Amino acid sequence: MKILVFNPLKSLMKRGIPVYTDEYASLLQDMGWEVRTLEMPTWFHGRSKLSILLGYWIYQQLALPIFMLKHRITYVFDAYNSYSFLGAMIARRYLCVVHDFIPFERKWHLRPASIYMRILHILAPLVGNTLCIAYIAPKIARQGARYIRKPSIILPNIVEPFYYDAKDILEPDLLAFSNKASAESRVLLSTISGSGANKDF
């Protein structure tokens, strides 16, 4: 089973969401999925923030659905707080992971990235059940209920000690975690994404 892992900043950032996404890509590979990663070229390294932002928009909204059609991929894992509208429309299951609601803070209208994400969150109900919203914590899920009118699941940031049923993790038909696990079949996912003073123990 093939899955597209959207990780546009993988070669541009070595911390945060790119590392988080890469860890889940490795997990999916270990579970037998055929993982295809879509990332922006290294040409963007050192470019202005505006250039990277424009490149990100183009890759998510245009390159992603084209890549899906070209390689006949119907599952997508996207942990960048937003999603591809066309990609979600043609996917069998598109998992969009939301880490926070910074785009909804005050003065969001002054930040292009925040406007972009806010528009996509508002449009989410127009996409069918193929689009699944995942939050990394219950607190963020409660915030999300105010902004995104869409069914959701909890997909933890794997730096925290959550336990899930090994055989149900990212099942092809669900692409979602199960919280109904027996003590014998639970798996602990615990990693540190990136490096820095706030991540070293």
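Scroll up a little and you will see the structure.
This text gives an overview of the structure that appears in the document. None of the values given here were measured: they were computed from a predicted structure.

Along the chain, the position of Gln 61 falls in helix H2 (residues 49–71). With relative accessibility at 17%, the residue Gln 61 sits in the buried group. Of note is the side chain of Gln 61, whose polar atom sits 3.1 Å from the backbone nitrogen of Phe 85. There is a polar contact of 2.7 Å between the side chain of Gln 61 and the side chain of Tyr 116. Setting aside its immediate chain neighbours within four residues, Gln 61 contacts Tyr 83, Ser 84, Phe 85, Leu 86, Tyr 116 and Leu 120.

The set of residues buried in helix H5 (residues 138–147) consists of Ile 140, Ala 141 and Gly 144. Relative to the axis of H5, the buried residues are bounded by an arc of 100° and lie together on one face. Those residues of H5 that are exposed and aimed more than 90 degrees away from the buried face are Lys 139, Arg 142 and Arg 146. Against the buried residues of H5 lie strand E4 (93–98), strand E5 (131–135) and strand E6 (152–154).

Right, let's get into the side chain of Gln 60. Checked against the element boundaries, Gln 60 lands in helix H2. Judged by its relative accessible area of 0%, Gln 60 falls in the buried class. A distance of 2.8 Å separates the side chain of Gln 60 from the side chain of Asp 78, its partner in a polar contact.

What follows deals with unusual backbone geometry. At Arg 72, a position not held by glycine, the phi torsion is positive, near 55°. Examined against the element boundaries, Arg 72 turns out to sit in the loop between H2 and strand E3 (75–78). By relative accessible area, which is 73% here, Arg 72 ends up exposed. At Asn 81, a residue that is not glycine, the phi angle is positive and equals roughly 70°. Here Asn 81 lies in the loop between E3 and helix H3 (85–90). Classification of Asn 81 by relative accessible area gives buried; the value is 8%.

Taken across its six residues, E4 has five buried, putting it largely inside the fold. The pairing of E3 with E4 spans four bridges and is parallel. When the bridges of E4 are listed, Asp 78 appears paired with Cys 96. On the question of chirality, the crossover connecting E3 to the parallel E4 by way of H3 is right-handed. Two strands pair when backbone bridges link them, and E4 and E5 are joined in this way by five bridges, in the parallel orientation. In the sheet register, Leu 95 faces E5, and the bridge partner there is Cys 132.

Reading the values: rules and limits
- Residues numbered from 1 in each chain as written.
- Predicted model: local features only at pLDDT ≥ 70, side-chain atom pairs only at ≥ 80, totals over all residues.
- Heavy atoms only, no water.
- Helix = DSSP H or I, 4+ residues; strand = E, 2+ residues; numbered from the N terminus.
- Buried < 20%, exposed > 50% of the residue type's maximum accessible area, 1.4 Å probe, protein only.
- Polar contact = N/O pair within 3.5 Å; in protein donor to acceptor, adjacent residues only side chain to side chain.
- Contact = heavy atoms within 4.5 Å.
- Arc of directions from axis to C-beta.
- Pairing = 2+ DSSP bridges.
- Right-handed = clockwise from strand over helix to strand, strands pointing away.

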